[in-house]
Every structure is written in C-alpha cells, then in structure tokens.
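Structural overview for review
Residues per chain, in single letters:
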Number of protein chains: 2
Amino acid sequence: MVGLHDVAKLAGVSKSTVSRVMNNEYGVKKSTKEKVQKAIEQCGYVANQVARDLKSNKTHLIGVIVPRIASNATAGGLDGLSPVIELADKHVLLANSDQDNIKEIEYIKRFNQKRVEGILLYATHLDSALVDAIKQSDAPVVLVGQDGSLFNIPSLIYDDISVGFTAGKRLIDAGATNIGFIGVNSQDIAVDQCRYQGLTQYLQHAKQTSPLFHSRGEFSIESGFQQTKQLLIDWPKLDGLFCATDRIAIGALKAIAESKKIAGKDIKVLGVGNDELSQVCSPSLSTFNYAFDLTGKKAAQMLLELIHNKQSEVSKMVMGFESIERESC
Amino acid sequence: MVGLHDVAKLAGVSKSTVSRVMNNEYGVKKSTKEKVQKAIEQCGYVANQVARDLKSNKTHLIGVIVPRIASNATAGGLDGLSPVIELADKHVLLANSDQDNIKEIEYIKRFNQKRVEGILLYATHLDSALVDAIKQSDAPVVLVGQDGSLFNIPSLIYDDISVGFTAGKRLIDAGATNIGFIGVNSQDIAVDQCRYQGLTQYLQHAKQTSPLFHSRGEFSIESGFQQTKQLLIDWPKLDGLFCATDRIAIGALKAIAESKKIAGKDIKVLGVGNDELSQVCSPSLSTFNYAFDLTGKKAAQMLLELIHNKQSEVSKMVMGFESIERESC
DNA sequence: TTGAAAGCGGTACCAC
DNA sequence: GTGGTACCGCTTTCAA
C-alpha cells in the first residue's frame, strides 16, 4: 500500500510537505501544492488513519454494545444515535453481546484496547461484575436501559415504575379488578422489576390490593402466548393483564382469543413499547410509547459531552412515555 | 495513559520483555514473567491496539454500511453477521447511510482510511458512482441486496425475479386475473424492477397478459395504504395485488378493508419478506420468507474468504425463499 | 516555504 | 532469556 513516503518521492518533496498538503495547512507554495496533489492522484494515496490515530491519540471511535440488533429498542436506538455520532465526526464500533453477560464485559475490555473514546451500553441487567467492568473502563460509559446511577454510572433510563403505575391506573379505570403481570426475568430490573413495582404501587394506592401474579418468560410472542394459556386456567377471574412488552402482550391476545374470551372486553390487556405490531394486531393493543430513537440520540449526546468535559452535567436522564389508547384496554 | 514503557520501568525489565509477556511468548523465565504480570496489574496496563494495528498492518475491522438499522433485512442481517465476524476475531464498524447515496460512497472512503479489512454493503440501488467507489476500494467489498456481478462485484442477492414469478403463479392459482403491482422506486433494481419483472414473466407465460399497473411509493405501511386507496378507484376490477414488501401489503390490506372489499376473497394480496407483522395482522398476510440472518451470515463468510484468499471462489450467491401461505391469498 | 528528525506505542530481529 | 534498536505511517517541532 502506497504511503506518504511514496507520494513524496514521486512529487520530489519531503514527507512533511505532503502531510501539509493532505491537511490543508497554510504555508505551502501553490505550485508545490499542485505538484503534490497531482502525485497523490497519480498513485491513489489514501491516508492511513491508523497511523494518524496513533500519533494524535484519538480514534474517533464510539463503542456501542447491544444485547441484540433486531429489537425495537436497539434498532431504533441505533438509528437515533448514529447521526449524532456521525455529526461529531466519529464512528460506531458495534458489538452484539447476544444477551451474554460475559461477552458484555469482554467487549468493554476489547473496546478499551481499541482505544474507543466512549462506550454506549444497552443493558438488560446490571450485576456487580458489569459494574466493575464499567468502573475499570478508561473510556467513559453511558448505560442505556438500566439505572446505574447508584453506582455513579451515567444512565439513560425509561420511567419504568411510572409506566407500571400508569398501567395500573389504566386497567382499573377500564374496569379491571383482578390484575396480573407478565414480566421477563428478574435480573432485568427495568423491564421486570420496576414495571411490576409501579403496578403494585398503584393497586395498593387505589384499591389496597396487589397483582394476582407475577409470571415470567421471554421477550417473545410465543412466550406470552404459552404463559397466558396457563394463566387463564390458573386465574379464571383474571380481567386485567399488564405485559412487560408488546410482544408478550400480543401472545397473550392470541391465547385469550383461543380461550373464547374477548380481549378488551372480558380481559383488558396492556403492553409496553408501542411496537408496530401493536397497531396491526387485532384487537389492536393499548400500550405505552417509548421514543427509542430519541433515546439513542440523547444517549449519544450525553456520551459526547462526557468525552469532552471529562465529567457529565447530567448523571441520569429519565425518558418519558406516552399512553397509547387502542382496543385492548 | 500508561504504556509498555512504564510497565517495563516498574518491573525493572525492557519493553521487549513486557511485550513477550503480554503476548504469551515462549522463552521468558517464570520469575520474570510473574514480576511483569504483577507490574501490569499494578498500573492497570491495557495494550494499545492502535499501535499494534499500525505495526501489524491489520485492524481486524469489518465495515458494514446499511441504509438504516430498523428494518428486518438489516437488523436481521446484522444479527446474522455479527457472530461470524466475532468468531473471526474481528469487529464491526457500522455506518448508517440513511438511504443517502452520497454518504454510502463517503463511508467507503472513510472505511478505507480506517484500513478496514473488508466492507459489507447493504444497498438499495447501484449506480455507476457507487460501482466506481467500490472499484476504488482497497478493502474488498461484498454487496448485499443488489446484483453487482455484472461489474465483477461479489454479491449476495435474493432471487427476486423468481419471487415475482412465483407470486404471479400464486395469485393466478388463487383465482385472480386482474393483477397489479406496488413497488418502491425504480432505482431499486432488486425490489422494484426484478420483482415486477418476475410477475410479468409469469403472467405472460401463463395467461399472455401483463400486470394492470406498476405503482410506486415508499417502504411503509402508510404508503401502501395511500396508494391502494387510489388504485382501488382507478382499477375497479383489481382482484390480485402483489406488493414489493410486507409493510406495503399491510397498508394495502387496510385500504381494502376500508373499501368494503375483503382481502383474501375479493382481492388476493401477497407481500414479500415475512415480516412479523404479517402473521399478526388480519387477515394474516400471505408472503415470502427471506432468511435475513442467514444472508448476513453468508455475506460475512463470503467477505472473510475474500479477505483471506484475495479472490472469491463464489462471485455471486443467490438466496432462496419460501412461500408462506396465510389468509390473504 | 521546505526538510530533517523525533516520537506516538507497540513488535520483532539481532546481539549479548 | 533478555535488552537494544529499527520500524510501522503519520504529525509536528525546529532549523535551514
């Protein structure tokens, strides 16, 4: 591969001069500049950014770690954050942890070796090993989706307790009295714990009751379907169901339909996320809208600020949500 | 930031020795090794990959350019390709071209500066400027979604003509005789042109007729809805509709429902992509399944091979598809 | 206005 | 076994 040296030889000047031309610096005679530019053209010289990065001690790299790509939260987030990063003249180094806690930590280390300038971590859990890894990271880390502020980790989270609380209100207002919750796994504080907690708080507050159950499964339609099939048998009086995600809720809708009950009438159902699926299914799903792309954008902005100032002005940012009224509740 | 030099000083050895320990090389006395490792621990040394990359002239970087993330083809593709790239001990440098032709070319150049080892390009078009940029690229490029084999660009494509052909057959077999097509924009050879061409071929072949129309819009539900609303007025005899994507088809379904016709009975509708939406909507959408994640995996494998052998064994790979029978056709 | 040379942080060859 | 040193490709003083 042709380097600065080759161009210099070809143009009959020194490396320094070629470098100056490449970087548009002042103080190069017009004629030499043109000579050099011609030489650059001629041998198709492309500056080696790796060498530049080494010299300048800046890589312009932002590491982004996600549990998987094909999810609304992450795909939308990536679409939101990428323009911000591009505008800051940086690049996205993407890692798919595939929901694997070990890999998450592994990537934080690898990214530090790669000398990324910052890391955006989409998390589905937050244990002490992960906290440690984040603390060890030289590059600043912004956590998305889980609250790390207790550990002094700048975080961008959704107002999950509030969503649960509001869900309780919506279900009660719609006339439900026997309300259950389907979550994911207990390690996911935000999605499983907080949403349940919020629901519980409202039921206590308004009716001095508690949710009938806290079932758990995966983030899938199928999982929602299977769980609900059983839950309908176990809890015949169930008339309100809050599902931690829209996909779970859509599975629930299907199970309810099969049981000859009518979702939205016999059983009110609520999801979270405003997945596109929720407006297409029938009955259409009442849910909560999260602005995933905006979250990605804000997270990127927060990280960039952190990179510049070495200290964040905001240590925790809570994203709002919007109630979406449809047929199921 | 602490470097090899600092560790060496702290351990009272030379840089070379520290380097040997870092790379687990033979021929280091056990005691020195331990001494060095302690020093590494002590000052929290993390190898600078940028320097290594410069020295070894390898970045372990694979550039991936996509038109946007939040689409089944790209999100699924990314989930498919990332494990392959990880297994090859490389990283994904992600760029979102946001459907912008200029940016696509820009990123190919930037990636070459970054000295990526190869580029995966998810394309929605292929004009001569893009072909040139690919030709100029030092890093090998694999094209996904458009056929660049005529220009000697290794490509991974879907069998779009065949899909169109099969769509024709499915619609005719279901009893449709007045068949229309909704595509995207004419620059998208694969999605717009090929699928239409295949449909046309079957209609010619089986009935010596042609599609009633070739309408065009965007990749969205709304666009499908708006177009279909008008098309139903313009073509009252329409009884078969092939849509270039599932989202367009779902919009069409909605327009048909509003017109008091029954999709699947009065008008047979077919989409492409087997979007999750298509099994949730009602009537559920008959479509074609594309294995997006497998495509990503294959594309990554093809690129890795190209990187190793400097020459591809396969210059073009055509992914198959699967007919999905549901209610709409 | 231009060139020589040091150095970014490693690796690898060659001596000792 | 270990240390010295050249070098990867560029930027950036410092002199000329």
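Residues numbered from 1 in each chain as written. Chains lettered and ligands numbered in written order. Predicted model: local features only at pLDDT ≥ 70, side-chain atom pairs only at ≥ 80, totals over all residues. Heavy atoms only, no water.

1. A few points about the packing of aromatic side chains
Within this structure, the stated rule accounts for 20 aromatic pairs over all chains. Considering the side-chain rings of Y290(A) and F292(A), the 6.1 Å spacing of their centres and the 75 degrees angle between planes classify their relative orientation as edge-to-face. Taking the relative accessible area as the measure of exposure, F292(A) reaches 13% and is therefore buried. Seen from their ring centres, Y158(B) and Y290(B) are 4.5 Å apart, and the 10 degrees between their planes marks the pair as stacked. In this pair, Y158(B) sits in strand 5 (residues 155-158) while Y290(B) sits in the loop between strand 10 (287-289) and helix 13 (292-309), placing the two residues 132 residues apart along the sequence. Taken together, the ring pairs connect F181(A), Y196(A), F242(A), F288(A) and F321(A) into an aromatic cluster. Taking the ring centre of F225(A) as reference, the NZ or CZ of K254(A) above it sits at 4.5 Å. (Phe/Tyr/Trp six-rings, centres within 6.5 Å; stacked < 30°, edge-to-face > 60°. Buried < 20%, exposed > 50% of the residue type's maximum accessible area, 1.4 Å probe, protein only. Helix = DSSP H or I, 4+ residues; strand = E, 2+ residues; numbered from the N terminus. Lys NZ or Arg CZ within 6 Å of the ring centre and 35° of its normal.)

2. Brief notes about the relation of the copies chain A and chain B
Structural alignment of chain A on chain B gives an RMSD of 0.1 Å, achieved by rotating through 180 degrees and translating 0.0 Å along the axis. Such a combination of turn and shift is consistent with a two-fold rotation axis. In this assembly the copies share their binding face: 100% of the residues contributing to the interface of chain A also contribute to that of chain B. (Least-squares fit on C-alpha atoms with pLDDT ≥ 70 in both. Contact = heavy atoms within 4.5 Å.)

3. Notes on the pattern of salt bridges
A side chain of one charge can pair with a side chain of the opposite charge if their charged atoms are brought near each other. Applying the stated criterion across every chain, the model contains 26 salt bridges over all chains. Here D53(B) makes a salt bridge to K114(A), at a shortest N to O gap of 3.1 Å. Here K114(A) lies in the loop between helix 6 (101-113) and strand 3 (118-122) and D53(B) lies in helix 4 (residues 49-56), a pairing that spans two chains. With respect to class, D53(B) is no different from K114(A); both count as buried. (Salt bridge = Lys/Arg side-chain N within 4 Å of Asp/Glu carboxyl O.)

4. Thoughts on the interface of chain A and chain B
Listed per partner, the contact involves 44 residues of chain A and 44 residues of chain B. Across the chain A to chain B interface the summed buried area is about 4200 Å²; carbon plus sulfur atoms make up 58%. When the area that chain A buries against chain B is broken down by residue, the three leading residues are H91(A), K114(A) and R115(A), summing to 16%. At the junction of chain A with chain B, the criterion picks out 8 salt bridges. Among the ionic pairs, R110(B) bridges to D89(A), the shortest N-O distance being 3.5 Å. In this structure, the connection of chain A to chain B is made through 28 residue pairs in polar contact (both at pLDDT 80 or more). Secondary-structure elements contributing two or more residues to the side of chain A that touches chain B are helix 4 (49-56), helix 5 (72-87), strand 2 (91-96), helix 6, helix 11 (246-258) and helix 12 (277-280) of chain A. (Buried area = accessible area lost by both parts, 1.4 Å probe. Polar contact = N/O pair within 3.5 Å; in protein donor to acceptor, adjacent residues only side chain to side chain.)

5. Section: the protein's contact with DNA strand C
Looking at DNA strand C, there are 23 residues lining it, with T17(A), R20(A), K29(A), T32(A) and S19(B) nearest. Put simply, 53% of the atoms of DNA strand C that lie within 4 Å of the protein are in sugar or phosphate. Within the contact set of DNA strand C, a phosphate oxygen lies 2.8 Å away from a backbone nitrogen or oxygen of L4(B). Contact between DNA strand C and N23(B): a phosphate oxygen at 3.2 Å from a side-chain N or O atom of the residue. (Near = heavy atom within 4 Å.)

6. Focus: the UniProt feature "domain: HTH lacI-type" (unreviewed entry) in chain A
Under the present numbering, the feature "domain: HTH lacI-type" (unreviewed entry) in UniProt falls on residues 2-56 of chain A. Spanning residues 2-56 of chain A, this segment combines 69% helix with 0% strand, and its end C-alpha atoms are found 21 Å apart. (UniProt positions renumbered as here; feature names shortened; annotations may be inferred.)

7. Some thoughts on helix 8 (residues 160-173) of chain A
Residues and elements named next belong to chain A. Taking 1.5 Å as the rise per residue, helix 8 with 14 residues should run 20 Å; its terminal C-alpha atoms sit 20 Å apart, in good agreement. Inspection of helix 8 places D160, V163, G164, A167, G168, R170, L171 and I172 among the buried residues, and these make up the whole buried set. One or two residues past the end of helix 8 sits G175, with phi positive at roughly 105 degrees. (Expected span 1.5 Å × (residues − 1).)

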